[in-house]
Amino acid sequence: MNCFFADDTAILAQGSTINYVIHTLQKGLNNIEKWCTLWRVTINPGKTHAVMFRKGTSRKELKTLSFFDEDLTWDKEVKYLGLILDDKLTFRSHLKHNTEKFWAKVHLLIPLIGRRSPLTLENKLLLFKQVLRPILMYAAQIWGLAAFSNRKKAQILQNKILRIIVNAAWYVRNSVIHNDLKIQTTDEFIKELSRNFFQKLVNHTNPTVLDQLNYTHNNGKYAFPYATTKWSTPPKPP
């Protein structure tokens, strides 16, 4: 299955054996090569990455993929549309990336949301909801099924920033702060976000998107090669 968004292209393959998955991926890469050659589109193979989503498989055991006469290495993780996908789908790297972006933005906003800020509590919460939380919760519809130990890190960050905003004393419970501010916990927010997201998919016009609603896990093997392509001519699907 091919996925296109702006200048990002992804090939997805699933199968009961690793050899079948790799064969399918190579076939997809070959088709893209032919189309790019026909339409004179240039692709940088150095920005093309491959990931095998499967437990217990060493990357050394995987056959090498070829793209424009260059061998592609199997990576531990890949970044696609801002979401970091690791080969075990734990989303640890993505949550770490979100955390670093979150704190970088917090440092910029501290003069506005800090304890000494003259802003009203209402405006501080508005900055949290409109600027900080979207960074922390980016792609939560996908990584929301990560292990509790990983999701808990996001809740800890939210607790810290809310305590700063209200200048809470050490003995005030986080649950009390959330209730008083009428702020959802991260898990509650993820559930609502995911519910709205998947409800919208039901009426989506793209058949590929609709197929995802009927997905059932069958213990198969997954691979995900990702390419960043800069189009030099108006693209047409291969």
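Definitions and limits used
- Residues numbered from 1 in each chain as written.
- Predicted model: local features only at pLDDT ≥ 70, side-chain atom pairs only at ≥ 80, totals over all residues.
- Heavy atoms only, no water.
- Helix = DSSP H or I, 4+ residues; strand = E, 2+ residues; numbered from the N terminus.
- Buried < 20%, exposed > 50% of the residue type's maximum accessible area, 1.4 Å probe, protein only.
- Contact = heavy atoms within 4.5 Å.
- Areas by Shrake-Rupley, 256 points an atom, 1.4 Å probe, with all protein chains shown as cover.
- Patch = residues over 30% accessible without salt bridge, like charges linked within 9 Å, V, L, I, M, F, W, Y side chains within 5 Å.
- Salt bridge = Lys/Arg side-chain N within 4 Å of Asp/Glu carboxyl O.
- Pairing = 2+ DSSP bridges.
- Bend = angle between axes of the 7 residues up to and from the residue.
- Expected span 1.5 Å × (residues − 1).
- Arc of directions from axis to C-beta.
- Axes fitted to C-alpha atoms, helices over the stretch in contact; angles between N-to-C directions.
- Parallel < 35°, antiparallel > 145°, perpendicular 65-115°, else oblique.
- Left-handed = near helix turned anticlockwise from the far one by under 90°.
- Nonpolar A, V, L, I, M, F, W, Y, C, P; charged D, E, K, R; others polar.

When helices and strands are counted, the protein shows 8 helices and 11 strands. Here the protein, with 238 residues, has 40% of them falling under the buried criterion. Taking contacts inside the protein between residues at least 6 apart in sequence as the whole, the part at least 24 apart equals 67%. Within the structure as shown, the protein displays about 14,800 Å² of accessible surface, and the carbon and sulfur contribution to it stands at 55%.

Time to look at a nonpolar patch on the surface. Among the surface-exposed residues, Phe5, Leu81 and Tyr138 lie close enough to one another that they form a single nonpolar patch of about 300 Å² accessible area. Among the secondary structure elements, tyrosine 138 is positioned in the loop between α3 (121-136) and α4 (140-143). Assessed through its relative accessible area of 39%, tyrosine 138 is described here as partly exposed.

As paired strands, strand β1 (residues 2-5) and strand β2 (residues 8-11) are joined by 4 bridges and run antiparallel to one another. Bridging from a neighbouring strand, cysteine 3 pairs with alanine 10 of β2. Counting the residues in the hairpin turn of β1 and β2 gives 2 residues, including alanine 6, whose phi is positive at 55°.

Moving on, we get to α3. Spacing of three or four residues puts side chains on the same side of an α-helix, whose turn is 3.6 residues. Of all the bends found along α3, the most pronounced is centred on lysine 129 and spans about 35°. Lys124, Leu125, Leu127, Phe128, Leu132, Arg133, Ile135 and Leu136 are the residues of α3 that are buried. Those residues of α3 that are buried are in contact with α2 (92-113), α4, α5 (148-166), α6 (174-181) and α7 (186-201).

Before going further, it helps to examine α7. Taking 1.5 Å as the rise per residue, α7 with 16 residues should run 22 Å; its terminal C-alpha atoms sit 22 Å apart, in good agreement. Those residues of α7 lying buried are Thr186, Phe189, Ile190, Ser194 and Leu201. Down the axis of α7, the buried set is contained in an arc of 125°. They therefore lie on one face. Elements in contact with the buried residues of α7: α3, α4, α5 and α8 (207-211).

For the rest of this paragraph, the subject is the packing of α3 against α5. Relative to each other, α3 and α5 sit at 160°, their axes nearing to 11 Å. Classified by the angle between their axes, α3 and α5 sit roughly antiparallel to one another. Note that α3 runs across α5; the crossing there is right-handed. Across from Leu121, Lys124, Leu125, Phe128, Leu132, Arg133 and Leu136 in α3, the residues of α5 making contact are Ala154, Leu157, Gln158, Ile161, Leu162, Ile165 and Val166. Looking at the contact of α3 with α5, its residues break down into 11 nonpolar, 1 polar and 2 charged.

With that out of the way, let us pick up the pattern of salt bridges. Counted by the stated rule, this structure contains 2 salt bridges. Here aspartate 87 and lysine 88 are joined by a salt bridge, their closest N and O atoms 3.7 Å apart. With a closest N to O distance of 3.0 Å, aspartate 187 and arginine 151 form a salt bridge. Residue aspartate 187 is located in helix α7, and its partner arginine 151 is located in helix α5; the two are separated by 36 residues in the primary sequence. Classification of aspartate 187 as partly exposed rests on a relative accessible area of 25%.

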